[in-house]
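# Structural features, examined
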Amino acid sequence: MRVIIAGGGTGGHTSAGLAVAAALAAGGAEVHWIGSHDGVEARRVPEAGVPFHPISTGKLRRYWDRKNVSDLFFRVPAGFVQSLRLLRRLRPDVLFSAGGFVSVPPALAARALRIPVVVHEQTAVPGLANRITARFAARIAVSFPQASHQGSGGGFAADRVVLTGNPVRREVLGGSREAALADFGFDAAVPLVYVTGGAQGSHRINRVVGEALPRLLAICQILHQCGDQPETGDHAWLLDLARALPPASRPRYVVRRYVDTELRDVYAAAALLVGRSGAGTVTECCGLGVPAVFIPLPGASGDEQTANARLVEAVGGAVVLPQSEVTAERLVDTLTRLLADRAGLEAMGARARTLAVPDAAQRLARIIREAAAP
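Residues numbered from 1 in each chain as written. Predicted model: local features only at pLDDT ≥ 70, side-chain atom pairs only at ≥ 80, totals over all residues. Heavy atoms only, no water.

## Some thoughts on the sheet that holds strand β5 (residues 117–121)
Overall, parallel pairing links the seven strands, which are arranged β3-β2-β1-β4-β5-β6-β7 in an open sheet. Taken across any chain shown, the strands that pair with only one partner, and hence form the sheet edges, are β3 (52–55) and β7 (161–163). For this sheet the average axis-to-axis angle between neighbouring strands, irrespective of direction, equals 25°. Two elements, strand β4 (residues 94–99) and β5, share three bridges in a ladder whose sense is parallel. Its bridge partner lying in β5, leucine 95 is registered against valine 117. The strands touched by helix α4 (residues 104–112) within the sheet are β1 (2–7), β2 (30–36), β3, β4 and β5, with β4 carrying the most contacts at an inclination of about 155°. (Pairing = 2+ DSSP bridges. Helix = DSSP H or I, 4+ residues; strand = E, 2+ residues; numbered from the N terminus. Axes fitted to C-alpha atoms, helices over the stretch in contact; angles between N-to-C directions. Contact = heavy atoms within 4.5 Å.)

In structure tokens, the structure reads:
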């Protein structure tokens, strides 16, 4: 069986797709990937050994931008034509849409060629790209029950929805707390907080943590993944703050643009995560039982990050701080309260784990195989 995975643009879409690709390959399927030229997937998919085919793509913006014109009338049609050519050449049995706008042209091309399409919705609120492709999908896999009926303009067709959960990427499983402490020079007796704004980092989170840094380091040690956005200057600013710390506090703070292969160990060592609540981060926290303080990205499509975070908060696995309410003082107060109760943190992690679906990748692979069957 030959499967095309289409999607990307974010780490969450790419991570879930790669987990499904591994499950399909383990069952003997041949997997190819269609993605964008400059998205996260353009680097990570070839690194995983999956044949990668980039196409022209655009973005669905809900606000006026001159790029809307070029995307709608040039880049998207070009991506559709490129996808048609690829699908005619590769002749897949099924196309799996992992999400993101780059998945739309290949899914439309698959429909034109009568190739079955399976769509996966990662978030609690369906995105616009998936609401488009779900109209003609053979199966619509959702990560949370709420996703089947939420979203602007109505939910998904109930008779085609299957609850699968969202896969946790293999790269973050089986970490070692001791390895993380050794790699970053942290103290085993001091709670570790992992701060992350996602692959691109978060300017607001970076600045609030920086402003609170001396007070935070009095109660914990921090690994801070800040992203690499030159226009904000956050990485350089945080490094300057780190150098200005008193000698006794410096070992407690490590700042990195990215955290790569060490992430599995970081998750194993972290007493708490502070970060955004994209589908990938939420899935990993639930799957690994890591308690979190989520600061949802405002303005995300359908406010999906808030919806994701509130689901974990509802079972007692996270605390949600809206970005409009986040200050250095509020962050220090919240972390002080949580870190003072080690047993409470462990209970939060256990409650977060109740939302996990450990075999999500296998469930998705099974649905894809069923959709491909004649």
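Once the structure has been displayed, the description carries forward.
## What to know about helix α1 (residues 11–26)
Counted at 1.5 Å a residue, the expected span for α1 with its 16 residues is 22 Å, and the 22 Å between its end C-alpha atoms agrees. Of all 16 residues making up α1, 12 are buried, and the element is well covered by its neighbours. Along α1, the positions that sit buried rather than exposed are Gly12, His13, Thr14, Ser15, Ala16, Gly17, Leu18, Ala19, Val20, Ala21, Ala23 and Leu24. Check the buried side of α1 and you find it contacts β1, β2, α2 (41–47), β4, α10 (279–288) and α14 (360–372). (Expected span 1.5 Å × (residues − 1). Buried < 20%, exposed > 50% of the residue type's maximum accessible area, 1.4 Å probe, protein only.)

## As for the pattern of salt bridges
Applying the stated rule across the entire model yields 11 salt bridges. Arginine 169 is the salt-bridge partner of glutamate 284, the closest N and O atoms lying 2.6 Å from each other. A residue pair is termed long-range when its members are at least 10 positions apart, and glutamate 284 in helix α10 and arginine 169 in the loop between β7 and α6 (177–184) qualify at 115 residues. Each member of the pair, glutamate 284 together with arginine 169, is buried. In this structure, arginine 207 and aspartate 234 form a salt bridge, with 2.9 Å as the shortest nitrogen-oxygen distance. Linking arginine 207 in helix α7 (residues 203–216) with aspartate 234 in helix α8 (residues 234–243), this pair joins segments that are 27 residues apart in sequence. For aspartate 234, a relative accessible area of 3% corresponds to the buried category. (Salt bridge = Lys/Arg side-chain N within 4 Å of Asp/Glu carboxyl O.)

## Remarks on the sheet that holds strand β11 (residues 272–275)
Strand pairing in a sheet takes place through backbone hydrogen bonds and is either antiparallel or parallel in direction. Within the open sheet, the six strands sit side by side as β10-β9-β8-β11-β12-β13. Their pairing is parallel. Lying at the two open borders of the sheet, with one neighbouring strand each, are β10 (253–256) and β13 (318–320). Along the sheet, successive strands turn relative to each other by an average axial angle of 15°, direction set aside. Against the sheet, α8 contacts β9 (221–225) and β10, and its axis sits at roughly 160° relative to β10. Set on the sheet, α10 makes contact with β11 and β12 (292–294); between it and β12 the angle comes to about 160°.

## Quick notes on the environment of leucine 113
Relative to the helices and strands, leucine 113 resides in the loop between α4 and β5. Once residues within four sequence positions are removed from consideration, leucine 113 is found in contact with Leu84, Leu87 and Arg88.

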